[in-house]
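The chain contents come next:
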Amino acid sequence: MSLCYLNGRYLPLEDAQVSPMDRGFLFGDGAYEVIPVYSRRPFRLDEHLARLASTLAAMRLPNPHAEQEWAAMVREVVDRNPWDDQSLYLQVTRGADMRRNHAFPEVVRPSVFLMSEALVTPSRELRESGASAVSAADFRWLRCDLKTTSLLANCLLRQHAVDQGCHETVLFRDGFLTEGSASSIFIVRDGVLLAPPKSHLMLPGITYDVVLELAAVNGLPHRVQEILEDEVRSADEVWMTSSTREVLAITRLDGRPVGEGRPGPVSEQMHAWYQAFKTTVMRGG
Ligand code: PDD
């Protein structure tokens with residue numbers, strides 16, 4: 001049984017209830033984070049809490065908790081759940097008002113929710129075969145840098161992949177790569193790792209930062225630059241990264257093989273660096 005936190009109480013997930021007037025429910029007026037937990041230690045917690053704080057600031061929603069309080073709540077939920085490796089979900093909405101009004105309520109009492117699931121990272125088979133992806137036009141709004149719960153566009157774009165038996169949808173806007181429906185996208189060309197620059201058109205991924213740090217530390221040639229759609233289609237390697245998918249090669253895009261149609265050497269190297277980094281940081285070596 002999964003134990004969650006809702007508005008001041010720790011309780012079984014199945015007993016948790018919120019008002020239908022909650023603005024998260026009515027308007028998708030909320031912020032969230034997904035934090036991987038390895039051996040009961042949250043990975044990059046400070047960075048996730050900093051991203052939450054910047055999403056809340058952009059939403060003009062006062063952060064209901066100081067960083068120490070968030071950290072204590074995360075620890076409590078992690079400790080009270082049965083798995084060593086978890087996917088910790090944290091959400092803040094603008095709370096419930098007595099009437100439906102797009103404008104913010106005068107008294108803001110945010111709803112705070114934390115829950116956890118067993119962390120399911122890509123299986124060995126999927127890592128060995130690589131993932132399949134389709135592409136689509138990125139029709140989301142112009143604040144994709146905010147991690148808000150208004151995710152209808154991302155859901156439609158992910159379902160677009162699932163409908164075609166694929167794992168992810170790679171998004172292009174005006175001929176340039178942005179990201180995946182729920183992941184950051186990297187490519188490799190001629191041994192150089194390329195990443196699109198952070199902007200309002202993509203989420204600043206925590207895993208994205210780790211990958212670029214690992215490239216720098218290990219001397220892997222890498223550049224952050226705008227990436228053309230054609231450059232993705234003719235790349236030697238394409239990867240997706242996220243807190244739950246870690247580093248996963250995409251080996252088919254729109255039905256055509258990427259590079260040689262199997263995970264390339266740079267993705268395998270980065271995956272190994274990522275696992276080693278996790279082990280050092282989370283399991284004390
Ligand atoms: N999604 N871009 C989008 C649109 C995402 O939804 C995510 C992650 C990422 C990768 O971010 P990070 O490395 O910080 O996980 C990029 C999470 C996992 C989700 O919505 O479930």
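Residues numbered from 1 in each chain as written. Predicted model: local features only at pLDDT ≥ 70, side-chain atom pairs only at ≥ 80, totals over all residues. Heavy atoms only, no water.

## Details of the site of the ligand
Reasoning step 1: Every one of the 19 residues lining the ligand counts as a neighbour, but Tyr32, Arg51, Glu179, Thr207 and Ser243 are closest to it.
Reasoning step 2: A distance of 3.5 Å is found between a nitrogen atom of the ligand and a backbone nitrogen or oxygen belonging to Ser183.
Reasoning step 3: When the free accessible area of the ligand is taken as 470 Å², the share hidden by the protein chains comes to 88%.
Reasoning step 4: Listing elements by their share of the shell around the ligand, those giving two or more residues are β3 (30-38), β9 (176-180), α6 (206-217) and β13 (237-242).
Reasoning step 5: Taken together, the residues that form the shell around the ligand break down as 5 nonpolar, 10 polar and 4 charged.
Reasoning step 6: Two domains share the shell around the ligand, each providing at least three of its residues, namely domain 1 (3-118) and domain 2 (124-283). (Near = heavy atom within 4 Å. Polar contact = N/O pair within 3.5 Å; in protein donor to acceptor, adjacent residues only side chain to side chain. Areas by Shrake-Rupley, 256 points an atom, 1.4 Å probe, with all protein chains shown as cover. Helix = DSSP H or I, 4+ residues; strand = E, 2+ residues; numbered from the N terminus. Nonpolar A, V, L, I, M, F, W, Y, C, P; charged D, E, K, R; others polar. Domains from an automatic or database assignment.)

## Overview of α6
Reasoning step 1: With 12 residues, α6 ought to run about 16 Å at 1.5 Å a step, and its terminal C-alpha atoms sit 17 Å apart, in line with that.
Reasoning step 2: For α6, the complete set of buried residues consists of Ile206, Thr207, Tyr208, Val210, Val211, Leu212, Leu214 and Ala215.
Reasoning step 3: Following α6 by one or two positions, Gly219 adopts a phi angle in the positive range, close to 70°. (Expected span 1.5 Å × (residues − 1). Buried < 20%, exposed > 50% of the residue type's maximum accessible area, 1.4 Å probe, protein only.)

## A closer look at the packing of helix α2 (residues 45-58) against helix α3 (residues 67-79)
Axis angle and axis distance: for two packed helices, these are the angle between their axes and the distance between the axes, and together they describe the pair.
Reasoning step 1: Where α2 meets α3, the closest approach of the two axes is 11 Å, and the angle between their N-to-C directions is 120°. The angle between the axes of α2 and α3 places the two elements in the oblique class. The chirality of how α2 crosses α3 is right-handed. Only Glu67, Trp70, Ala71 and Val74 of α3 make contact with α2, whose side of the interface consists of Leu45, Asp46, Leu49 and Leu52. (Axes fitted to C-alpha atoms, helices over the stretch in contact; angles between N-to-C directions. Parallel < 35°, antiparallel > 145°, perpendicular 65-115°, else oblique. Left-handed = near helix turned anticlockwise from the far one by under 90°. Contact = heavy atoms within 4.5 Å.)

## Observations concerning the packing of aromatic side chains
Reasoning step 1: According to the stated counting rule, one finds 8 aromatic pairs in the structure shown.
Reasoning step 2: On the numbers, 5.6 Å between centres and 75° between planes, the contact of Tyr38 with Phe43 is edge-to-face.
Reasoning step 3: Given a relative accessible area of 1%, Tyr38 falls into the buried group.
Reasoning step 4: Phe43 sits in the buried class, given a relative accessible area of 2%.
Reasoning step 5: Note on Phe186 and Trp239: the rings are 5.9 Å apart at their centroids and 35° apart in plane angle, and the pair reads as tilted. With a gap of 53 residues between them, Phe186 in strand β10 (residues 184-189) and Trp239 in strand β13 connect regions that are remote in the sequence. Assigned by exposure class, Phe186 and Trp239 land together as buried.
Reasoning step 6: Following the ring pairs from residue to residue traces out a cluster consisting of Tyr38, Phe43, Tyr274 and Phe277. (Phe/Tyr/Trp six-rings, centres within 6.5 Å; stacked < 30°, edge-to-face > 60°.)

## Some points on the pairing of β10
Reasoning step 1: Within β10, 5 of the 6 residues are buried, leaving the element largely enclosed by the surrounding structure.
Reasoning step 2: By the bridge criterion, 5 bridges tie β10 to β13 in an arrangement that is antiparallel. Paired with Phe186 across the strands is Trp239, a residue of β13.
Reasoning step 3: When β10 meets strand β11 (residues 192-195), the two strands line up antiparallel, connected through 3 bridges. Residue Ile187 lies in a different strand from β11, and its bridge partner there is Leu194. (Pairing = 2+ DSSP bridges.)

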